[in-house]
Protein chains: 2
Amino acid sequence: MSVQEKKLKHKEDSRSKILAAAKKLFVEEGIEATSIRKIAKEVDISPTTIYLYYKDKRDIVYALHLEGCSLLRTRMEVLMHVDHAFERLKAIGKAYLSFAVTEPGYYELMFMMKEPMQFLDDHGGEDYWEEGDRVFEMLIATIKDCQQEGFFKGMDVQTLSLQAWSTVHGMASLFLSGHLKQLNNLLFSEALEAEFLERTFQLYVSMLERIK
Amino acid sequence: MSVQEKKLKHKEDSRSKILAAAKKLFVEEGIEATSIRKIAKEVDISPTTIYLYYKDKRDIVYALHLEGCSLLRTRMEVLMHVDHAFERLKAIGKAYLSFAVTEPGYYELMFMMKEPMQFLDDHGGEDYWEEGDRVFEMLIATIKDCQQEGFFKGMDVQTLSLQAWSTVHGMASLFLSGHLKQLNNLLFSEALEAEFLERTFQLYVSMLERIK
DNA sequence: CAAATATACTTAACACTGTTAATAATTTTA
DNA sequence: TAAAATTATTAACAGTGTTAAGTATATTTG
């Protein structure tokens, strides 16, 4: 291994150490409570050292968001082998919601915060959200396949994909933001609250089935 | 007017002055960029004076969120006079999305931030989200009426209401958070981006119509 | 091998943030 | 008018993201 390669490796090492510490704090203490100084303390370096590896805090958030995207993507890619397209669509929806519940930190970072998208907007400008796009692409492909199976006849694929994403994202984000818990009209107990996503999703699926 | 009433009035005056300044800054400079000190400067008082009228920053956010709720509610209440239930349901959906677009500051405060719900959680505990509930109640009532008209037969009203809310909230929040703009797969121009909400909403409506 | 250079890191500092305690000014009550 | 209560302020604390300047450490060059 050449010296330059070693340096690069060291740099990547430091970057991932910082990222790992950031993720740990994000999960343990929440996204707001995580500061550059706390991350630095976790890695046992000076706060300013972080700026040698990440441009600013948003850069860290963005990097973490990318990690989340690729995690979600790998979970989805497994499902692409499901034969029946509509079954695959259901599986994707379930996996998406399950991701939101099991990885709330990642989900907030990826889909509920403005920062990563703003970072993309400022940094570069003509860049687009590649990681997000790749996941969305799988949804589009699956819905196209569903049309081959006779579902969603004559409907616009992009619009339908967007609508499906909106629905599950709406469920996930209202759940994670704590809005559902506060609704007296729903007043579900702890147990019911966990079931809500399932019930609402099932209703949506049954609606989709009817428009074969 | 008794002296005590005067005092109360003065207190309410100060509260609303602070709130007005907070709202102005929220709209003009964004939610993150608004600090207690800036609000104080806007009202021309000392920063600490604010703490005589609001417990903390979250209290201000919560108060502002309540203002937004009642604005949305009055917009909705007008629509309650629409005769046909399904037409009313469509009108509610449109009004909701229009609210998100025309009042993004309020929308973020009300439905995308965790703070107001957390404030409700901590403060009191057995309190519930009354203002949100009142708006949601209108949706529930309308969907019930739709069932009278023959729509959504045998479907659970609460689940369906939640699903409808999730859908429009998903659309609105993905739009406002800037996620849609970054999707290469959608690559809509400025003009198309404005149309997206409309198109996706129409598709959802047409889906609902099919399950009469 | 020694000097020069580049790399990695740290300390000190700036301009902010939300918030509290102590203090001053004002107004109301007795 | 004196006492009490209300209203507002200043000073300060502990924290934030971030930058500039300085210091070791390693690497390259003469």
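Nothing here was measured: the structure is a model prediction, and the numbers come from that model.

Q: Looking at this model, I keep getting lost on the overall build of chain A. Mind explaining?
A: Within chain A one finds ten helices and zero strands. For chain A, the sequential pattern of α-helices and β-strands runs α-α-α-α-α-α-α-α-α-α. Expressed along its principal axes, the backbone C-alpha trace of chain A runs to roughly 60 × 45 × 30 Å. For chain A, the share of sequence-separated contacts (at least 6 apart) that also reach a separation of at least 24 residues comes to 68%. Carbon and sulfur atoms form 52% of the exposed surface of chain A, whose accessible area is close to 10400 Å².

Q: So what exactly am I meant to see when it comes to the relation of the copies chain B and chain A here?
A: The two chain copies are related to each other by a rotation about an axis together with a translation along it. With an axial shift of 0.0 Å and an RMSD of 0.0 Å, the rotation relating chain B to chain A amounts to 180°. The symmetry that links the two subunits is that of a two-fold axis.

Q: What is the right way to read the packing of aromatic side chains from this model?
A: The geometry of an aromatic ring pair is captured by the separation of the ring centres together with the interplanar angle, meaning the angle of the planes. Counted according to the given criterion, the structure contains 20 aromatic pairs over all chains. A centroid spacing of 6.1 Å and a plane angle of 75° characterise the contact between F111(A) and W129(A), whose relative ring orientation is edge-to-face. Here the residue F111(A) occupies a position in helix 6 (residues 104-112), and W129(A) occupies one in the loop between helix 7 (115-122) and helix 8 (130-148), the gap between them amounting to 18 residues. Judged by centre distance (6.4 Å) and plane angle (50°), the rings of F86(B) and F152(B) are tilted.

Q: Is there a simple way to explain the protein's contact with DNA strand C in this structure?
A: For DNA strand C, the set of nearby residues contains 19 residues, the closest of which are T49(A), Y53(A), S35(B), R37(B) and T48(B). For DNA strand C, the backbone portion of the atoms within 4 Å of the protein, that is sugar and phosphate, comes to 49%. In this structure, S46(A) approaches DNA strand C through a main-chain N or O atom, which is 2.7 Å from a phosphate oxygen. A distance of 2.9 Å separates a phosphate oxygen of DNA strand C from a polar backbone atom of I36(B). Among the elements of the structure, helix 1 (3-29) and helix 3 (50-53) of chain A together with helix 2 (36-43) of chain B are those that each provide at least two residues to the surface near DNA strand C. No other element matches helix 2 of chain B, which puts three residues into the surface near DNA strand C. Considered class by class, the residues forming the surface near DNA strand C number six nonpolar, seven polar and six charged.

Q: Can you help me understand helix 9 (residues 157-176) of chain B in this one?
A: For an α-helix, the turn length of 3.6 residues means that residues three or four places apart are oriented alike. All names here are of chain B. Taking 1.5 Å of rise per residue, 20 residues should cover 28 Å, and helix 9 covers 28 Å from first to last C-alpha, within 8% of that figure. Of all 20 residues making up helix 9, 18 are buried, and the element is well covered by its neighbours. Looking at the residues trailing helix 9, positive phi occurs at G178, about 85°.

Q: Whenever I open this one, the packing of helix 5 (residues 85-102) of chain A against helix 9 (residues 157-176) of chain A confuses me. Can you help?
A: A pair of packed helices is characterised by two quantities: the angle between their axes and the separation of those axes. Residues and elements named next belong to chain A. At their nearest, the axes of helix 5 and helix 9 sit 10 Å apart, and the two run at 20° to each other. Relative to helix 9, the element helix 5 lies roughly parallel. Here helix 5 runs over helix 9; the crossing is right-handed. Only W165, V168, H169, M171, A172, F175 and L176 of helix 9 make contact with helix 5, whose side of the interface consists of Y96, L97, A100 and V101.

Q: How should the domain arrangement of chain A be read in this particular structure?
A: For an interface, size is often stated in terms of accessible area lost upon the parts coming together. Residues and elements named next belong to chain A. Once the domains are mapped, chain A shows domain 1 (1-54) and domain 2 (56-210). Put simply, the middle of domain 1 and the middle of domain 2, counted by C-alpha atoms, are 29 Å apart. With eleven residues of domain 1 at the contact, the number on the domain 2 side is 14 residues. Contact between domain 1 and domain 2 buries roughly 1100 Å² in total, counting both sides, with carbon and sulfur atoms accounting for 78%. Three residues stand out in domain 1 for area buried against domain 2, namely L19, I31 and Y54, and they jointly supply 45% of the buried area on that side.

Q: What is the right way to look at the protein's contact with DNA strand D in this model?
A: Surrounding DNA strand D, one finds 19 residues, the nearest of these being S35(A), R37(A), T48(A), T49(B) and Y53(B). In DNA strand D, atoms within 4 Å of the protein come from the sugar-phosphate backbone in 47% of cases. Separating a phosphate oxygen of DNA strand D from a side-chain N or O atom of Y51(A) is a distance of 2.9 Å. Between DNA strand D and T48(B) there is a distance of 3.1 Å, counted from a base oxygen to a side-chain nitrogen or oxygen. Residue assignment for the surface near DNA strand D shows that the elements contributing at least two residues are helix 2 (36-43) of chain A together with helix 1 (3-29) and helix 3 (50-53) of chain B. The element contributing the most residues to the surface near DNA strand D is helix 2 of chain A, with three residues.

Q: Please clarify how the packing of helix 5 of chain A against helix 8 of chain A should be interpreted in this entry.
A: All names here are of chain A. Across the interface, helix 5 lies against helix 8 with an axial gap of 8 Å and an inter-helix angle of 150°. It follows from the interaxial angle that helix 5 and helix 8 lie roughly antiparallel. The way helix 5 lies across helix 8 gives a crossing that is left-handed. When helix 5 is examined against helix 8, the residues A85, F86, R88, L89 and I92 are found in contact with a partner set consisting of M138, L139, T142, I143, D145 and C146. Its residues assigned to classes, the contact of helix 5 with helix 8 comprises eight nonpolar, one polar and two charged.

What counts and how
Residues numbered from 1 in each chain as written. Chains lettered and ligands numbered in written order. Predicted model: local features only at pLDDT ≥ 70, side-chain atom pairs only at ≥ 80, totals over all residues. Heavy atoms only, no water. Helix = DSSP H or I, 4+ residues; strand = E, 2+ residues; numbered from the N terminus. Contact = heavy atoms within 4.5 Å. Areas by Shrake-Rupley, 256 points an atom, 1.4 Å probe, with all protein chains shown as cover. Least-squares fit on C-alpha atoms with pLDDT ≥ 70 in both. Phe/Tyr/Trp six-rings, centres within 6.5 Å; stacked < 30°, edge-to-face > 60°. Near = heavy atom within 4 Å. Polar contact = N/O pair within 3.5 Å; in protein donor to acceptor, adjacent residues only side chain to side chain. Nonpolar A, V, L, I, M, F, W, Y, C, P; charged D, E, K, R; others polar. Expected span 1.5 Å × (residues − 1). Buried < 20%, exposed > 50% of the residue type's maximum accessible area, 1.4 Å probe, protein only. Axes fitted to C-alpha atoms, helices over the stretch in contact; angles between N-to-C directions. Parallel < 35°, antiparallel > 145°, perpendicular 65-115°, else oblique. Left-handed = near helix turned anticlockwise from the far one by under 90°. Domains from an automatic or database assignment. Buried area = accessible area lost by both parts, 1.4 Å probe.

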